[in-house]
Amino acid sequence: MNRRLAQGFSDDMPARDSAETVAVIAIGANLGDRQATMTAALEELARLPLTTRVVASAPIETVALTLDGPDEEAPAYLNAVALVTTRLAPSVLLGYLHAIEEAHGRPPRRVDDLRWQSRTLDLDLIAYGDVRSDDPALTVPHPRAAERTFVLEPWLQVDPEAVLPGVGRVRDLLADLRDAEASADAEPAPDGGAA
């Protein structure tokens, strides 16, 4: 085994042994043949070095999110979650995720990229075992995962006992989001009518 693949690239990250870890990867696409792209991405994840297993949820379709909120006019997303059992270091795995995105037509990521743009493929590292990192180059768990039903719902499909490290049980987080959405829908509009 190549120790660099298991240890990662950054000297700032704590050293990890080469034990297998389950990484949670969110997969999304809203341009092109979404299903074919996601299927190909899952096949590519399964071929990664030091990776022994990939289990994916069924895809769900969701409204696209923009900086201004949900956009019913934008192409809808297909979203899924994959559990990837690997010995790759989190930084190395993230590099592979970006390479797979680029192979499917996504431009290379830049720090100043706008979030929530339409794309052929989006692969987000949501969690890597119980690792926590706030390094700008590798932030895990994903800082907005607890706010996204399109991540939490498919995650529960493949791991009903899932826990988002440092945040809580995925089942509880999803219930809280649904309660908040129901409360927002029940609030009267400013003119006294229904929202």
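Details of the structure are given in the entry above.
All values derive from a computational prediction rather than experimental measurement.

Participant: Would you mind showing me how to read the environment of Ile126 here?
Facilitator: On the secondary structure map, Ile126 appears in strand E7 (residues 122-128). Taking the C-alpha atoms as reference points, Ile126 and Val24, 102 residues apart in sequence, are found 5.3 Å from one another. Other than its neighbours up to four places away in sequence, Ile126 contacts Val24, Ala26, Pro141, His142, Ala145, Val151, Trp155 and Leu164.

Participant: Any chance you could explain helix H5 (residues 170-186) here in plain terms?
Facilitator: Spacing of three or four residues puts side chains on the same side of an α-helix, whose turn is 3.6 residues. Counted at 1.5 Å a residue, the expected span for H5 with its 17 residues is 24 Å, and the 24 Å between its end C-alpha atoms agrees. Along H5, the residues classified as buried are Val170, Leu173, Leu174 and Leu177. Down the axis of H5, the sector holding all buried residues measures 100°, keeping them to one side. Opposite the buried face of H5, at more than 90 degrees from it, the exposed residues are Asp179 and Ala186. Those residues of H5 hidden inside the fold are in contact with helix H4 (149-158), strand E10 (163-164) and strand E11 (168-169).

Participant: Explanation requested: helix H2 (residues 34-46) in the structure shown.
Facilitator: Across its 13 residues, H2 extends 19 Å between first and last C-alpha, which sits within 8% of the 18 Å expected from 1.5 Å per residue. Residues of H2 that are buried: Thr37, Met38, Ala40, Ala41, Glu44 and Leu45. End-on view of H2: buried residues confined to an arc of 160°, all on one side of the axis. Against strand E1 (21-29), strand E2 (51-56), strand E6 (77-86) and helix H3 (90-103) lie the buried residues of H2.

Participant: Would you take a moment to explain the pattern of salt bridges for this structure?
Facilitator: Close approach of charged atoms lets side chains of opposite charge pair. A complete count under the given rule lists 8 salt bridges for this structure. Among the salt bridges present, the one from Asp124 reaches Arg148, with a minimum N-O distance of 4.0 Å. Remark: Arg148 occurs in the loop between strand E9 (138-140) and H4 and Asp124 occurs in strand E7; sequence separation between them is 24 residues. Classification of Arg148 by relative accessible area gives buried; the value is 9%. Put simply, Arg178 and Glu153 hold a salt bridge, and the shortest N to O gap is 2.9 Å. Of this pair, Arg178 sits in helix H5 while Glu153 sits in helix H4, placing them 25 residues apart in sequence. Residue Arg178 is classed as partly exposed on the basis of its relative accessible area, which comes to 41%. Take Glu153: its relative accessible area is 31%, and that puts it in the partly exposed class. Salt bridges here are not isolated pairs; linked through shared partners, they connect Glu101, Arg106, Arg119 and Asp122.

Cut-offs used in this document
- Residues numbered from 1 in each chain as written.
- Predicted model: local features only at pLDDT ≥ 70, side-chain atom pairs only at ≥ 80, totals over all residues.
- Heavy atoms only, no water.
- Helix = DSSP H or I, 4+ residues; strand = E, 2+ residues; numbered from the N terminus.
- Contact = heavy atoms within 4.5 Å.
- Expected span 1.5 Å × (residues − 1).
- Buried < 20%, exposed > 50% of the residue type's maximum accessible area, 1.4 Å probe, protein only.
- Arc of directions from axis to C-beta.
- Salt bridge = Lys/Arg side-chain N within 4 Å of Asp/Glu carboxyl O.

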